[in-house]
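# A look at the structure
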Amino acid sequence: MRKLSSILILLLLTSAGSKAQTLSSFSNEIFKEAKSEVHDASEITLSDFSYRSEYKNGQSSFLELPRTKPFVAFTASAIIPGSGQAANGKWVRAGIYFAVEAVGIIYHLDRNATARRQEKAYEEFTHQNWSVLAYAEWLVNYSIQNNLNNGWQDLQSHISGKNPDFSNTTNDWSKVNINLLHQVEQETPFVFENRYGSEFSHLLPDYGSQQYYELISKYYQYQPGWQDWYGQVTTANNQTPDMYRYMWNGRDEPFTLFYQGRDRAQEFNDNYRAAGNILKLLVVNHVVSAFDALFTVQLKNSRIETNTNLMKMEQFSVTWHF
């Protein structure tokens, strides 16, 4: 009986061990041990929403600089108005600055070219109508008729027998000693209908100079050099002292060439002034455009920084799993 019990206990133990081995094998072979699955996750933080300049990483192109650097935008628009605005997408303002620049340059060139043509035409007009010899001859007669003691005798002997060449008055400059002419001018007063005035206000400038062309159609002193005065007074018959007294009493002298020259000179000078004023406007356009571009980039950078700071105050983060 004891033997039988021992055998049964041995069989049960063997069976249990076999089952335990089988379960362990089943467990190891069929049901694998659970492992934690690793997920690659990255967090989106506030830095992802912050403005990142590629220039800081050395990856920016030259064209990117006006968008991020205020001084570069300033310089670009100072050189080419509107360029800094265009780089930042401000197309309306860029178009205005570009248009002002283009129209201004075209207008300046047109006024300047017109003034040069008019000035050249005026000079040709004087070469046909104003003579230094005619002026010198009148000055001698003026001195004689008004009994002036201004050394006119030397000038008279120098120009005696010479006639103005109104086909080209530039030839007359070789016929007159300009130093003798200046000596007489310095001692000659203005003689009016009933009084003597001060000495002549100017000495005739050298031929071809800017002052020469300006003065002969600006000051009454040089009226007698014009062809119509020479024909109607200097070479007129029956000379009288009244013919050699200035008629200034608030009315113009009755000779037209002087006033035509004056109007021609004023016309080209007005165009030169207009061209100069446009240049001033272009300078203003460059300056305004430059500062506008500077403030545009500064304001953009300030807004980006402000928005970033506001987001930091919220103190939140977003996790993105993938």
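The shown structure was predicted, so the numbers you read here are calculated from the model rather than taken from an experiment. (Residues numbered from 1 in each chain as written. Predicted model: local features only at pLDDT ≥ 70, side-chain atom pairs only at ≥ 80, totals over all residues. Heavy atoms only, no water.)

Turning our attention to the overall build of the protein chain. On a plain count of helices and strands, the protein chain comes out with eleven helices and four strands. In the protein chain, which comprises 322 residues, the proportion classed as buried is 34%. Excluding contacts between residues fewer than 6 apart, the proportion of contacts in the protein chain whose partners are at least 24 apart in sequence is 69%. Carbon and sulfur atoms provide 56% of the accessible area of the protein chain, an area that totals close to 20300 Å². (Helix = DSSP H or I, 4+ residues; strand = E, 2+ residues; numbered from the N terminus. Buried < 20%, exposed > 50% of the residue type's maximum accessible area, 1.4 Å probe, protein only. Contact = heavy atoms within 4.5 Å. Areas by Shrake-Rupley, 256 points an atom, 1.4 Å probe, with all protein chains shown as cover.)

Bridging between strand β2 (residues 189-191) and strand β3 (residues 196-199) involves two bridges; their strand directions are antiparallel. Each residue of the ladder has a partner; that of Val 191, found in β3, is Tyr 196. Two successive antiparallel strands, β2 and β3, enclose a turn made up of four residues. (Pairing = 2+ DSSP bridges.)

To continue, consider the environment of Val 191. Mapped onto the elements, Val 191 comes out in strand β2. Residues Val 191 and Asp 242, spaced 51 residues apart in sequence, show a C-alpha to C-alpha distance of 9.9 Å. Discounting residues that sit within four places of it in the chain, Val 191 has contacts with Tyr 142, Asn 146, Tyr 196, Arg 245 and Tyr 246.

Once that is clear, we can look at the side chain of Asn 150. Along the chain, Asn 150 falls in the loop between α6 (132-145) and α7 (152-159). Of the polar contacts made by the side chain of Asn 150, one reaches the backbone nitrogen of Trp 152; its length is 3.3 Å. At 2.8 Å, the side chain of Asn 150 and the side chain of Thr 188 are in polar contact. Contact partners of Asn 150, with chain neighbours within four places excluded, come to Ser 143, Gln 183, Val 184, Glu 187 and Thr 188. (Polar contact = N/O pair within 3.5 Å; in protein donor to acceptor, adjacent residues only side chain to side chain.)

A word on the packing of aromatic side chains. The full count for this structure, using the stated rule, is 26 aromatic pairs. Taking 6.5 Å as the distance between ring centres and 10° as the angle between the ring planes, the aromatic pair formed by Trp 138 and Phe 200 counts as stacked. With Trp 138 in helix α6 and Phe 200 in the loop between β3 and α9 (210-215), this pair connects stretches of sequence that are 62 residues apart. The class of Trp 138 is buried, set by a relative accessible area of 1%. The ring of Phe 192 has Arg 195 lying over it, and the distance from NZ or CZ to the ring centre is 4.1 Å. Lying across the ring of Phe 125, Arg 264 places its NZ or CZ 4.5 Å from the centre. (Phe/Tyr/Trp six-rings, centres within 6.5 Å; stacked < 30°, edge-to-face > 60°. Lys NZ or Arg CZ within 6 Å of the ring centre and 35° of its normal.)

On to the pattern of salt bridges. Under the definition given, this model contains eight salt bridges. Where Asp 263 meets Arg 262, a salt bridge forms, and the shortest distance between an N and an O atom there is 3.3 Å. In this structure Arg 262 comes out as partly exposed when scored by relative accessible area, which is 34%. (Salt bridge = Lys/Arg side-chain N within 4 Å of Asp/Glu carboxyl O.)

So, about the packing of α6 against α7. Interhelical geometry of α6 versus α7 gives an angle of 140° and a closest axis separation of 10 Å. In terms of their interaxial angle, α6 and α7 are classed as oblique. Here α6 runs over α7; the crossing is left-handed. Across the interface between the two elements, Leu 133, Ala 136, Glu 137, Leu 139, Val 140, Ser 143 and Ile 144 of α6 pack against Trp 152, Leu 155, Gln 156 and Ile 159 of α7. Counted by class, the contact of α6 with α7 contains eight nonpolar, two polar and one charged residues. (Axes fitted to C-alpha atoms, helices over the stretch in contact; angles between N-to-C directions. Parallel < 35°, antiparallel > 145°, perpendicular 65-115°, else oblique. Left-handed = near helix turned anticlockwise from the far one by under 90°. Nonpolar A, V, L, I, M, F, W, Y, C, P; charged D, E, K, R; others polar.)

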